[in-house]
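Coordinate inspection notes
Okay, here's what each chain looks like letter by letter:
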Amino acid sequence: MHQSAPSERDGNESGPGLAGVLDRYPGKLSAYAASLIQRRDDPIGRQFLPTLEELDDSSGWVDPLAEEALSPVRSLVHRYPNRALWLVSHECAAHCRFCTRKRRWKDARPLSEGDFEAGLAYLARSPGIRDVLLSGGDPLLLPLDRLERIISSLRAIPHLEVIRIGSRAPGVLPGAVTPELASMLKKYHPIFMNLHFNHPREITTASRQACALLADAGIPLGSQTVLLRGVNDDAAILGALFHGLLTMRVRPYYLMQMDLTAGTAHFRTPISAGLRILQSLRNHISGIAMPQFVIDLPGGHGKVPLVPNSIRAIHEDRAEIVSYTGVQCDYPLLEGEHEELRRLHFG
Ligand SMILES: *Cc1c(COP(=O)(O)O)cnc(C)c1O
Ligand code: SF4
């Protein structure tokens, strides 16, 4: 399913330029995701249709999170003490043009039997790891028996207490979520899933059904949303998305600042945009609909949450804290607390 119907239809960006883009960053789009696109520059089209801007970007990093350097064995990223990220799938249903791992599209190699054994052996001999995230690519694009073999092998390692799966399939290929998949996953609890939704238009009858199957299998569902210029960098759009996700039993988990990936600069928003949007949503939508806004620091230094600042001043006996409506309130401090509070607050 290379190159989409909509980009052929409007044809204003075709020819050798776009072929160059696709040569570096191949296109892929499920028929379902294509059906959500009405215009090439609408919020779905912008996510999936290639543009010449991808070749313009000279500032980005091929691997901004240093995932390759942090992989003790191929495709297994070990960045934090207690958890590991295992890129078990090389395929996605659609290529998000802002993807942090677009470096992997062109020479996509499935996890070989050797890679699989090496990853499993690394996890088995690393008792500090208690939480494994399966990602890719999209693990739900693996054949069911292959995915089950991976998960059951992880379950056989006692210190791997939590298994997480990251997937965009419910939003771009909802048919990949079948009753068979749900009942397979259910055997291996605790399993958590983080889904990927970026715009309220991705919430459809089909994606709702896919999430219901997973939630009914007892899988806590979260969502990671990427903050994207011209797609969802707007409080009303994100408020509708986050609330809509709750109605599918999906809890917004992270709102992610764009990584500094080469070929994606046109999607990047200022850091202030994320802070401003979360500040304006606070208390206007449910607290359980509020994700954390995070930056994944370049160079592989990890995720850091950013929070709009509500503390205006710290005195010896009280802090001045501003409410979501802008009212300044005093909150009394315990004796001797102010110094540590200042240190924690101002760094
Ligand atoms: C994001 C990420 C994780 C998971 O982080 P959480 O904050 O626990 O969701 C783990 N490993 C790597 C390499 C990651 O990028
Ligand atoms: S689904 Fe995730 S891994 Fe796949 S292309 Fe989109 S952002 Fe990248």
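Every value quoted in this text rests on a predicted model; they were computed, and no experiment measured them.

The strands making up a sheet associate through backbone hydrogen bonding, with each pair oriented either parallel or antiparallel. One open sheet holds the three strands; their spatial order is E10-E11-E12, and the pairing between them is antiparallel. Either end of the sheet is taken by a strand with one partner, and the two such strands are strand E10 (311-314) and strand E12 (328-332). Neighbouring strand axes in the sheet, compared pairwise and without regard to direction, differ in orientation by 20° on average. One ladder, built from three bridges, connects E10 with strand E11 (residues 318-322); its direction is antiparallel. Bridged to isoleucine 314 within E11 is alanine 319.

Let's shift gears to the site of ligand 2. Close contacts around ligand 2 come from Cys92, Ala94, Cys96, Cys99, Trp105, Gly137, Arg168 and His196, and that covers them all. Split into classes, the residues belonging to the shell around ligand 2 amount to five nonpolar, two polar and one charged.

Turning to the packing of helix H11 (residues 235-247) against helix H12 (residues 271-281), a few remarks are in order. Contact geometry of H11 with H12 gives a least axis separation of 10 Å together with a crossing angle of 60°. One way to sum up the angle between H11 and H12 is to call them oblique. For H11 against H12, the interelement crossing comes out right-handed. Residues Ala235, Leu238, Gly239 and Phe242 of H11 form the contact with H12, whose participating residues are Ile277, Ser280 and Leu281. Considered class by class, the residues forming the contact of H11 with H12 number five nonpolar, two polar and no charged.

It is worth spelling out the site of ligand 1 at this point. In the neighbourhood of ligand 1, the contacting residues comprise Val77, Arg79, Tyr80, Arg83, Leu85, Leu133, Arg164, Tyr253, Tyr254 and Lys303. Contacts to ligand 1 include arginine 79, whose side-chain N or O atom sits 3.3 Å from an oxygen atom. About the coverage of ligand 1: the protein hides 92% of its 390 Å² of free accessible area. Among the secondary structure elements, those contributing two or more residues to the shell around ligand 1 are strand E1 (76-80), strand E2 (83-87) and strand E7 (250-256). Broken down by element, the shell around ligand 1 gets its largest block of residues, three residues, from E1. A breakdown of the residues in the shell around ligand 1 according to their chemical character gives six nonpolar, no polar and four charged.

Bringing the pattern of salt bridges into the picture now. Applying the stated criterion across every chain yields a total of 23 salt bridges. Aspartate 41 is the partner of arginine 39 in a salt bridge, and the nearest nitrogen-oxygen pair spans 3.1 Å. Arginine 103 is paired through a salt bridge with aspartate 63; the nearest N and O atoms lie 3.4 Å apart. Of this pair, arginine 103 sits in the loop between E2 and helix H6 (113-124) while aspartate 63 is found in the loop between helix H5 (53-56) and E1, placing the two residues 40 residues apart along the sequence. We classify aspartate 63 as buried; its relative accessible area is 17%.

Another point: the environment of alanine 121. As for its position among the elements, alanine 121 is in helix H6. Note on alanine 121: relative accessible area 37%, which makes it partly exposed. Taking C-alpha positions, alanine 121 is 28 Å from glutamate 180, a pair spaced 59 residues apart along the chain.

Note: interface size is frequently given as the accessible area lost on complex formation between the parts. Each assigned domain of the chain is listed here: domain 1 (59-306) and domain 2 (311-346). Each of domain 1 and domain 2 was reduced to a C-alpha centroid, and the two centroids are 36 Å apart.

Scoring rules and cut-offs
Positions within a chain are numbered from 1, following the residues in the order the chain's sequence is written. Naming scheme: in the order in which they are written, chains are lettered from A and ligands are numbered from 1. Owing to the predicted nature of the model, reporting of local features is limited to residues with pLDDT of at least 70; listing and counting of side-chain atom pairs is limited to 80 or more, with chain, interface and lining totals taken over all residues. Each side-chain value is derived from all of the structure's non-hydrogen atoms; neither hydrogens nor water enter the calculation. Only strands joined by at least two bridges in the DSSP assignment are considered to pair. Strands are runs of DSSP state E lasting at least 2 residues, helices are runs of H or I lasting at least 4, and numbering of each runs from the N terminus. To obtain each axis, a line is fitted to C-alpha atoms, and for helices this fit is confined to the stretch in contact; angles are then taken between N-to-C directions over 0 to 180 degrees. Definition of nearness: a residue and a molecule or strand are near each other if at least one heavy atom of the residue lies within 4 Å of the molecule or strand. Throughout this entry, Asp, Glu, Lys and Arg are counted as charged residues, while Ala, Val, Leu, Ile, Met, Phe, Trp, Tyr, Cys and Pro are counted as nonpolar. The remaining residues, Gly among them, count as polar. Small angles under 35 degrees read as roughly parallel and large ones over 145 as roughly antiparallel, with 65 to 115 read as roughly perpendicular and the rest as oblique. Note on convention: near helix rotated counterclockwise from far helix by under a right angle means a left-handed crossing. Clockwise means right-handed. Residue contacts follow a heavy-atom distance rule, with two residues in contact if any of their heavy atoms lie within 4.5 Å. Side-chain atoms alone can form a polar contact between residues adjacent in sequence; in general such a contact is a pair of N or O atoms within 3.5 Å, and within protein one must be able to donate a hydrogen while the other accepts it. Each accessible area is a Shrake-Rupley result for a 1.4 Å probe, and residues are judged covered by the shown protein chains and nothing else. In the sections that follow, a salt bridge refers to a side-chain nitrogen of Lys or Arg positioned within 4 Å of a carboxyl oxygen of Asp or Glu. Type-normalised accessible area, obtained with a 1.4 Å probe on protein chains alone, sets the label of each residue: buried when under 20%, exposed when over 50%, and partly exposed for intermediate values. The start and end points of each domain follow an automatic or database-based domain assignment.

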